[in-house]
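In case you want the letters, here they are:
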Amino acid sequence: MSTEIADPSDAFRHRRIVIGLSGGIACYKVAAVVSRLAQSGAEVTVTMTESATRFVTPLTFQALSGRPVYCDQWTHVESQDPQHIRLARSAELLLIAPCTMDMLAKLATGRTDDVVSLIASAVDRSRQPVLLAPSMNSVMWQQPATQRNLAVLREDGYTLLDPASGWQACRTEGVGRLPEPEELLQAVAAGLAASG
């Protein structure tokens, strides 16, 4: 998505946005995204894989969003909705960031063994944009399996955000960095504008 929104905060007021985090060091960048969305008047619900909770705690995202954080399929914020289908249906946009190599594989093959992939599977991509922000080591990014999964996901209607190039936590340089928070916010604003 290349459409730049002059002031993306105007695009977020009263919008229902779900943020999914999978396990990567780039989880720390998403805290700024959640904070900015909430400050702009969005209703932000955060979902996290178990691996993501090892990088940033759910309490951080609960404090920033002012809402409960979903960390597994079995803990029910809405007891009458054990599969969190209501959350998926009510979302105007889902952003998965960081979207690890493992999460890309899950989404490409239809696996739903964590709360993030489960909610993604229940989103109607014909009316609700699902943005994936891949983040991984540059060698993992270049793997044939990753490239195959990216092609499948594009064909399936997901919007893929290009990873940035630069210094990585593994002490190497290359493609695979999560885009900066401001770029993620621009992508969310563009996705909301495109979906109405």
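Our subject is the structure listed above.
The structure displayed is predicted, hence computed values, not measured ones.

**Focus: the pairing of strand S4 (residues 93-99)**
Each regular strand displays side chains that alternate between the two surfaces of the sheet.
At step 1: Here S4 lies mainly inside the structure; seven of its seven residues are buried.
At step 2: Pairing geometry for S4 and strand S5 (residues 130-134), over four bridges, is parallel. The residue of S5 that forms the bridge with Leu-95 is Leu-131.

**Some words on helix H1 (residues 27-39)**
At step 1: Helix length check: H1, at 13 residues, gives a terminal C-alpha distance of 19 Å against a target of 18 Å (1.5 Å per residue), a fit within 8%.
At step 2: Those residues of H1 that sit buried are Cys-27, Lys-29, Val-30, Ala-31, Val-33, Val-34, Ser-35 and Leu-37.
At step 3: Gly-41 sits one or two residues past H1 and shows a positive phi near 95°.

**Concerning unusual backbone geometry**
Glycine aside, residues mostly have negative phi angles, and peptide bonds mostly take the trans form.
At step 1: In this structure, Pro-98 follows Ala-97 across a cis peptide bond, with omega equal to -10°.
At step 2: A positive phi angle, near 65°, is found at His-14, a position not held by glycine.

**Quick word on the pattern of salt bridges**
At step 1: As enumerated under the stated definition, the model contains twelve salt bridges in all.
At step 2: Across the pair Glu-182 and Arg-36 runs a salt bridge whose closest N-O atoms are separated by 3.0 Å. Taken as a pair, Glu-182 in helix H8 (residues 181-195) and Arg-36 in helix H1 lie far apart in primary sequence, 146 residues in all.
At step 3: Glu-182 sits in the partly exposed class, given a relative accessible area of 38%.

**Here's the deal with the sheet that holds strand S3 (residues 69-70)**
At step 1: Reading across from one edge, S3-S2-S1-S4-S5-S6 is the order of the six strands in this open sheet, with parallel pairing throughout. For this open sheet the edge positions go to S3 and strand S6 (159-160), each flanked by a neighbour on one side alone.
At step 2: Two strands pair when backbone bridges link them, and strand S1 (residues 16-21) and S4 are joined in this way by four bridges, in the parallel orientation. Residue Val-18 lies in a different strand from S4, and its bridge partner there is Leu-94.
At step 3: In the packing of H1 onto the sheet, contacts are made with S1, strand S2 (43-48) and S4, and the angle to S1 comes to roughly 170°.

About the thresholds
Residues numbered from 1 in each chain as written. Predicted model: local features only at pLDDT ≥ 70, side-chain atom pairs only at ≥ 80, totals over all residues. Heavy atoms only, no water. Buried < 20%, exposed > 50% of the residue type's maximum accessible area, 1.4 Å probe, protein only. Helix = DSSP H or I, 4+ residues; strand = E, 2+ residues; numbered from the N terminus. Pairing = 2+ DSSP bridges. Expected span 1.5 Å × (residues − 1). Salt bridge = Lys/Arg side-chain N within 4 Å of Asp/Glu carboxyl O. Contact = heavy atoms within 4.5 Å. Axes fitted to C-alpha atoms, helices over the stretch in contact; angles between N-to-C directions.

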